[in-house]
Amino acid sequence: MTTLPPLSLYVHLPWCVRKCPYCDFNSHALKASLPEREYIDALLRDLDFDLPRVAGRRIETVFFGGGTPSLFSAEAIDRLLTETRRRIPFAADAEITLEANPGTVEHGRFAEYKAAGINRLSIGVQSFDPQQLQKLGRIHSADEATRAAEEAHAAGLDNFNLDLMYGLPGQTPAQAVQDLQQAIALTPAHLSHYQLTLEPNTLFHAHPPPLPDEEASWEMQQQCHALLADHAYAQYEISAYARHQQRCRHNLNYWRFGDYLGIGAGAHGKLTDTSGTRWRLWKVKHPASYLRDAGTRAGLGGVNAVAPGEIGFEFMLNRLRLMDSFTEAEFTAASGQDFGRVRPAAERATRLGLMEGTGGEWLVTRRGHTYLNELQQLFLPNATDLPAGSGNR
């Protein structure tokens, strides 16, 4: 019988006040009143539909993503968590994260979310520069971002993340560092710090803004990385930094190739059955279709088994993002396959200086993380040697 990996729950709440021009998530501008009760009902039907696939298991982490989950009331979040616990057990120390937009947080709201069961926040700041916030289509001000962090501390939710981007339109390295300094001053437990990219099917992709060149972006990354280290934020993933080991356990489960239920419009899940088959499932994307069909076969956008030849690549696609080493035994436990299936690719990566391997333990080098795209592609089925040195930093 297959040893099943840890199980997380992802809940997608698809509405936001306004769609940001860089956002490629399944989010929809709210054009009428929020169908809060109806959507919670739909989420519970969706969960009931998936429960037979996870019988006998427990939830280790929960993540409310969007969209803007903080548009939903604490009462709605409390109802969903309470009803979910009646259906499937939670770990006693389950991490439960809610994404929040500073522009939707009223005074005292975080205390209410904490009472509902939220014990971690992820606050989407992106920048403290008023001009950049306007370019990014954000609905909050720098002052509101600061107040949101202060509200989190006041509510006793000290375990919160701030999302911050660099490489913004017309941004200089000095401005990127200033943004990060303002974020650090708010003493978050965790910082997500990543470069703005122009994703397909976004307004920015169709009408690209003037972004810093590669050299300037690299300088921003290096200066900001040094600043984070100086303030005891340890990098544990390509774009994630934490103090006092307060890493995001939910994201770690993704990166370690764990399992997750996905409920909500457009939510994706990955589940392992007792035979060792890895299944990917996704739900219908449009909120109206989801509200109508959740909990039925029509609400299931699709399901397919991950082909055995793809499993090694999918493990590496996630696991190589982390800074710590992994063992061949970890690969086998997470993938159900012998490491020999990916050893040739790992050895190619070693020859290219992208990885190091000793005694069954493997580590991505600094060069490997610099050229992560090339490294990951080495593990594609039938991949050949790729040149290191031409990819994104």
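Since we're looking at a predicted model, the values are computed, not measured.

### A short note on the pattern of salt bridges
Okay, so step 1: Overall, the coordinates contain 16 salt bridges when judged by the stated rule.
Okay, so step 2: For Asp50, the salt bridge identified is with Lys283, shortest N-O distance 2.8 Å. Of this pair, Asp50 sits in helix 1 (residues 36-50) while Lys283 sits in strand 13 (residues 278-283); the two residues are 233 residues apart in sequence, bridging distant segments of the chain.
Okay, so step 3: Asp50 gets classed as buried once you look at its relative accessible area, which sits at 2%.
Okay, so step 4: Of the residues examined, Lys283 reaches a relative accessible area of 3% and is grouped as buried.

### Let's talk about the side chain of Ser239
Okay, so step 1: Mapped onto the elements of the fold, Ser239 is located in the loop between strand 9 (234-237) and strand 10 (240-242).
Okay, so step 2: Owing to a relative accessible area of 15%, Ser239 belongs among the buried residues under this scheme.
Okay, so step 3: In this structure Ser239 touches Leu191, Ser192, His193, Tyr194 and Arg321, once residues within four positions along its chain are discounted.

### Focus: the environment of Phe379
Okay, so step 1: Residue placement: Phe379 occurs in the segment after helix 15 (372-377).
Okay, so step 2: Since its relative accessible area comes to 6%, Phe379 is described here as buried.
Okay, so step 3: Every residue in contact with Phe379, bar those within four places of it in the chain, is listed here: Phe313, Met316, Leu320, Val342, Ala345, Ala346 and Met355.

### What about the layout of surface pockets?
Okay, so step 1: Approximately 240 Å³ is the volume attributed to the second largest pocket.
Okay, so step 2: Lining the second largest pocket are 13 residues, and of these Pro6, Leu252, Asn253, Arg256 and Gly258 lie nearest its centre.
Okay, so step 3: Contributing elements (two or more residues each) for the lining of the second largest pocket: strand 4 (59-66), helix 9 (249-255) and helix 12 (328-335).
Okay, so step 4: Considering only residue class, the lining of the second largest pocket consists of 6 nonpolar, 3 polar and 4 charged.

### Topic: the confidence of the model for the chain
Okay, so step 1: Chain-level statistics for the chain give a pLDDT mean of 94 and a share of 97% at 70 or above.
Okay, so step 2: In the model, residues 385-393 has pLDDT below 50 throughout and makes 27 contacts with residues more than four positions away in sequence or in other chains.

### Notes on the environment of Leu121
Okay, so step 1: Looking at the secondary structure, you find Leu121 in strand 6 (residues 120-126).
Okay, so step 2: When the C-alpha positions of Leu121 and Gly301 are compared, they lie 29 Å apart, and in sequence the two are 180 residues distant.
Okay, so step 3: Setting aside chain neighbours within four positions, we find Leu121 in contact with Thr97, Leu98, Phe110, Ala152, Leu157, Asn159, Phe160 and Asn161.

### Looking at helix 12
Each turn of an α-helix holds 3.6 residues, which means side chains three or four residues apart point in the same direction.
Okay, so step 1: Glu328, Phe331, Ala334 and Ser335 are the residues of helix 12 that are buried. Buried residues of helix 12, seen end-on, are gathered within an arc of 130° and therefore sit on one face of the element. Turned more than 90 degrees from where helix 12 packs its buried face, Ala329 and Ala333 sit exposed.
Okay, so step 2: The inward-facing, buried residues of helix 12 contact strand 13, helix 11 (308-319), strand 15 (326-327), helix 13 (343-351) and strand 17 (361-364).
Okay, so step 3: Gly336 sits one or two positions beyond helix 12 and adopts a positive phi of about 75°.

Cut-offs and rules
- Residues numbered from 1 in each chain as written.
- Predicted model: local features only at pLDDT ≥ 70, side-chain atom pairs only at ≥ 80, totals over all residues.
- Heavy atoms only, no water.
- Salt bridge = Lys/Arg side-chain N within 4 Å of Asp/Glu carboxyl O.
- Helix = DSSP H or I, 4+ residues; strand = E, 2+ residues; numbered from the N terminus.
- Buried < 20%, exposed > 50% of the residue type's maximum accessible area, 1.4 Å probe, protein only.
- Contact = heavy atoms within 4.5 Å.
- 1 Å grid on protein atoms, 1.4 Å probe; cavity = no way out; pocket = protein on both sides within 12 Å on 5 of 7 lines; lining within 4 Å.
- Points joined across faces, edges and corners; volume = space filled by probe spheres on them.
- Nonpolar A, V, L, I, M, F, W, Y, C, P; charged D, E, K, R; others polar.
- pLDDT = per-residue confidence, 0-100.
- Arc of directions from axis to C-beta.

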